[in-house]
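For reference, the chains in residue letters:
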Amino acid sequence: MTNKAKILIVDDNVDTVELLTKRFHAEGYDTSEAYDGEQALQQVVEYQPDIILLDIMMPKIDGYEVSKRLKSYDNTKHIPIIMLSAKARVPDKIKGLDLGADDYIVKPFDYRELSQRVKYWVTVKVEVEERLTKIRQLEKELIQSERLAAVGQTVASLAHYVKNILFGLKGGVYLVDEAFKENDTDSLKDGWDLVESNMGRISGLVLDLLEYSRERKPEYEKCFPNEIADDVCKLTQESAKEYSIEIIKDFDPSMGEAVMDPKGIHRCLLNLVSNAIDACIYDSNEEKKWVVRVKTILEDDGMVRFEVSDNGCGMDEETKKKLFTGFFTTKEGRGTGLGLLNTQKIAQEHGGTITVNSQLGQGSTFTIRMPYRDVATSGATGKED
Ligand SMILES: Nc1ncnc2c1ncn2[C@@H]1O[C@H](COP(=O)(O)OP(=O)(O)O)[C@@H](O)[C@H]1O
Ligand SMILES: [Mg+2]
């Protein structure tokens, strides 16, 4: 490799360049040349030298600047630079080395010395490159093994969750069996309820998993954001009432028709409202009158804001940190821990964001902001992609 190494010779003195070119060719090196700093930078990109001999005093960009720039870029910083200069004073050398030169040779120089140094630096470069390749390979392997560890963890959480459902199903089937034997319709009803609720959990899990695993582009179409929010409130009203939780609608009347992804928004809001209801159910403060508020706001900057707040149990700092992690749930055996992860995914795919504000024992507010397009200006006639 040493003898085929490529040397870029940079000097505004044509005689020096010619002399060095001849000498290095005789030694079997490949060379290219540049006569000022600008050419030098260009040649580094085009020629991709293994080593650079760099004069300091040159028109346009001087050697110090060339060295400084090359050492600041990731893909050129490992190319050794030997500065060649008539500037023999110690401060000049120090400046050169400070700005990234690897070596400094004073003109007039002894060619044999220069040749030795070039040989040395070419070996160094080969070694550095070999190590870099090795490090990159190791980095790749590390990422791969981290990914496998994450998959392993996911599978473990999933297995745990499915096991819980299975227990529920078995319990239900047992009750039904016994009820048949005893001809006891009350137990039959209990058993069947247990079977049904666990079937619900399986289908919820599968839907959440599918949602999370597929790349989904928003399906933009004309819709009324307030109507979507209203539908979510209607869907959850019944189960809220069961626990004496009031759902309050607070919709911005200036919100008209917009071009957005109604199905995605619906899923997000349903996740947030279900969580808000759960937060009230899990609240231990029986004195409270629980309220879930669903708010829509049309903002000036082309964004729609959806806010879902509750005065339920709130969250501690630990929970807040883990909110958007897959399979994180505090609802032992009842939650998949995928709801917020999916909500965040959908919001982001829609070019939006989700934020949270919460106080332990006081309640939480989740806010989604999404860009909307005006029906009048978007020219949309119906579905588009
Ligand atoms: N409104 C809320 N109030 C309090 N805690 C919440 C609220 N929303 C989410 N959380 C917390 O975040 C966790 C993850 O929520 P999510 O991803 O929807 O999964 P899941 O509802 O299945 O547990 C919940 O288990 C709960 O601890
Ligand atoms: Mg949830």
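Predicted model only: the values in this text are computed from it and were never measured. Counting restarts for each chain: residues are numbered from 1 in the order of the written sequence. For this description, chains carry letters from A and ligands carry numbers from 1, given in the order in which they are written. Under the rules for a predicted model, residues below a pLDDT of 70 receive no local features and side-chain atom pairs below 80 are neither given nor counted, while totals for whole chains, interfaces and linings still include all residues. Derived side-chain values reflect all non-hydrogen atoms in the structure, with water molecules and hydrogen atoms excluded from consideration.

**Q** Please clarify how the site of ligand 1 should be interpreted in this entry.
**A** If you check the shell around ligand 1, you find 20 residues, and the closest are Asn275, Thr329, Thr330, Lys331 and Leu340. For this analysis, a polar contact is any N or O atom pair within 3.5 Å, provided that within protein one partner can donate a hydrogen and the other can accept it, and provided that sequence-adjacent residues contribute only side-chain to side-chain pairs. Within the contact set of ligand 1, an oxygen atom lies 2.7 Å away from a side-chain nitrogen or oxygen of Lys331. At 2.9 Å from an oxygen atom of ligand 1 is found a main-chain nitrogen or oxygen belonging to Thr336. The fraction of the free accessible surface of ligand 1 (530 Å²) that becomes covered by protein chains is 95%. Per the convention used, a helix needs a DSSP run of H or I reaching at least four residues, while a strand needs a run of E reaching at least two, with both numbered from the N terminus. Those elements that provide at least two residues to the shell around ligand 1 are helix H8 (262-281), helix H10 (339-349) and strand S12 (363-371). Broken down by element, the residue count for the shell around ligand 1 peaks at 3 residues, all from H8. Asp, Glu, Lys and Arg are counted as charged, while Ala, Val, Leu, Ile, Met, Phe, Trp, Tyr, Cys and Pro are counted as nonpolar; the rest, among them Gly, fall into the polar class. Taken together, the residues that form the shell around ligand 1 break down as 8 nonpolar, 10 polar and 2 charged. If a single non-hydrogen atom of a residue is within 4 Å of a molecule or strand, that residue counts as near it. Only the protein chains shown count as cover for residues, and the accessible areas themselves come from Shrake-Rupley with a 1.4 Å probe.

**Q** When you look at the sheet that holds strand S3 (residues 51-55) in this model, what are you seeing that I'm missing?
**A** Think of a sheet as strands paired side by side through backbone hydrogen bonds, with each pair either parallel or antiparallel. Note on pairing: DSSP must find at least two bridges between two strands before they are called paired. Strand order across the open sheet formed by 5 strands is S2-S1-S3-S4-S5, with parallel pairing between neighbours. Two strands bound the open sheet, and with one partner strand each, they are strand S2 (30-34) and strand S5 (103-106). In this sheet, adjacent strand axes meet at a mean angle of 20 degrees when their direction is disregarded. Pairing geometry for S3 and strand S4 (residues 81-85), over 4 bridges, is parallel. Paired with Asp55 across the two strands is Leu84, which belongs to S4. It only takes one pair of heavy atoms within 4.5 Å for two residues to be counted as in contact. Helix axes use the C-alpha atoms of the stretch in contact, all axes being lines fitted to C-alpha atoms, and the angles between their N-to-C directions lie in the range 0 to 180 degrees. Sitting on the sheet, helix H1 (residues 14-26) is in contact with strand S1 (6-10), S2, S3 and S4, with an inclination near 170 degrees to S2. Its contacts with the sheet place helix H2 (residues 37-47) against S1, S2 and S3, and it is angled at close to 150 degrees to S2.

**Q** Help me understand the packing of aromatic side chains in this model?
**A** Each aromatic ring pair is specified by the distance between its two centres and by the angle formed by the two planes. In summary, the pairing rule links any two rings of Phe, Tyr or Trp, Trp by its six-membered ring, whose centres are within 6.5 Å, and it sorts them by plane angle into stacked for under 30 degrees, edge-to-face for over 60 and tilted for everything else. Evaluated as defined, the whole model comprises 3 aromatic pairs. Between Tyr120 and Trp121 the ring centres are 5.1 Å apart and the planes differ by 70 degrees, which places this aromatic pair in the edge-to-face class. Directly above the ring of Tyr111 sits Arg23, whose terminal nitrogen or CZ lies 4.7 Å from the centroid. By definition here, charges over rings are those cases where NZ of Lys or CZ of Arg is within 6 Å of the ring centre and within 35 degrees of the ring normal.

**Q** Looking at this structure, I do not really get the nonpolar core. What am I missing?
**A** Side chains of nonpolar character tend, in soluble globular proteins, to be buried together. Definition of nonpolar core: a set of buried residues of the types Ala, Val, Leu, Ile, Met, Phe, Trp, Tyr and Cys, connected through side-chain atoms within 4.5 Å. Using a 1.4 Å probe on the protein chains alone, a residue whose accessible area is under 20% of its type maximum counts as buried, one over 50% counts as exposed, and one in between counts as partly exposed. In terms of nonpolar packing, the biggest core is built from 35 residues, with Ile247, Met260, Val273, Val292 and Ile368 touching the most fellow members. At the level of secondary structure, the elements contributing two or more residues to this core comprise helix H7 (225-242), strand S8 (258-260), H8, strand S9 (291-298), strand S10 (303-310), H10 and S12. The element that contributes the greatest number of residues to this core is H8, accounting for 8 residues. Sequence-distant contacts of Ile368, defined by excluding residues within four places in its chain, comprise Cys268, Leu272, Val304, Arg305, Phe306, Thr343, Ala347, Thr353 and Ile354.

**Q** Looking at this structure, I do not really get the packing of H8 against H10. What am I missing?
**A** When two helices pack together, their arrangement is given by the angle between their axes and by how far apart the axes lie. It is at 9 Å that the axes of H8 and H10 come closest, and there the two elements cross at 150 degrees. Considering the angle they form, H8 stands roughly antiparallel to H10. Handedness of the H8/H10 crossing: left-handed. Contacts between H8 and H10 involve Gly264, Arg267, Cys268, Asn271, Leu272 and Asn275 from the former and Gly339, Leu340, Asn342, Thr343, Ile346 and Ala347 from the latter. For the contact of H8 with H10, a count of residues per class yields 5 nonpolar, 6 polar and 1 charged. Here the word oblique covers every angle except those under 35 degrees (roughly parallel), over 145 (roughly antiparallel) and from 65 to 115 (roughly perpendicular). Here a crossing is taken to be left-handed if its near helix is turned anticlockwise relative to the far helix by less than a right angle, and right-handed if that turn runs clockwise.

**Q** Whenever I open this one, H2 confuses me. Can you help?
**A** Along H2, the residues classified as buried are Gly37, Ala40, Leu41, Gln43, Val44 and Tyr47. Looking straight down H2, one finds its buried side chains confined to an arc of 165 degrees; they lie on one side. Away from the buried face of H2 by more than 90 degrees, exposed residues Val45 and Glu46 are located. On its buried side, H2 packs onto S1, S2, S3 and helix H3 (63-72). With a side-chain oxygen positioned 3.0 Å from the backbone nitrogen of Glu38, the residue opening H2 is Asp36. The directions considered for the arc are those from the helix axis to the C-beta atoms.

**Q** Please clarify how the pattern of salt bridges should be interpreted in this entry.
**A** Close approach of charged atoms lets side chains of opposite charge pair. The term salt bridge refers to a side-chain nitrogen of Lys or Arg lying within 4 Å of a carboxyl oxygen of Asp or Glu. Here the structure, examined in full by the defined rule, presents 35 salt bridges. Note that Glu219 and Lys263 form a salt bridge whose closest N and O atoms lie 3.1 Å from each other. Residue Glu219 is located in the loop between helix H6 (185-213) and strand S6 (221-223), and its partner Lys263 is located in helix H8; the two are separated by 44 residues in the primary sequence. Across the pair Glu246 and Lys289 runs a salt bridge, and its minimum N-O distance is 3.5 Å.

**Q** Looking at this model, I keep getting lost on unusual backbone geometry. Mind explaining?
**A** Most peptide bonds are trans, and most residues other than glycine sit at a negative phi. Note that the residue after Lys107, namely Pro108, is joined by a cis bond; omega there is -10 degrees. Tracing the backbone through its elements, the reader meets Pro108 in the loop between S5 and helix H5 (111-182). Look at Lys60: it is not a glycine, yet its phi comes out positive at around 60 degrees. Mapped onto the elements of the fold, Lys60 is located in the loop between S3 and H3. On the basis of relative accessibility, which here comes to 64%, the residue Lys60 falls in the exposed class. Look at Asn183: it is not a glycine, yet its phi comes out positive at around 55 degrees. Take Asn183: it is sitting in the loop between H5 and H6. Relative accessible area serves as the criterion here: at 69%, Asn183 is assigned to the exposed category.

**Q** I'm lost on the pairing of S2 in this one. Help?
**A** As defined by bridge partners, S1 adjoins S2 across 5 bridges and the pair is classed as parallel. For Leu8, the partnering residue across the bridge sits in S2 and is Ser32. Crossover connection from S1 via H1 to parallel S2: handedness right-handed. We call a crossover right-handed when, viewed with both strands directed away from the observer, the connection leading from the first strand over the helix to the second proceeds clockwise.

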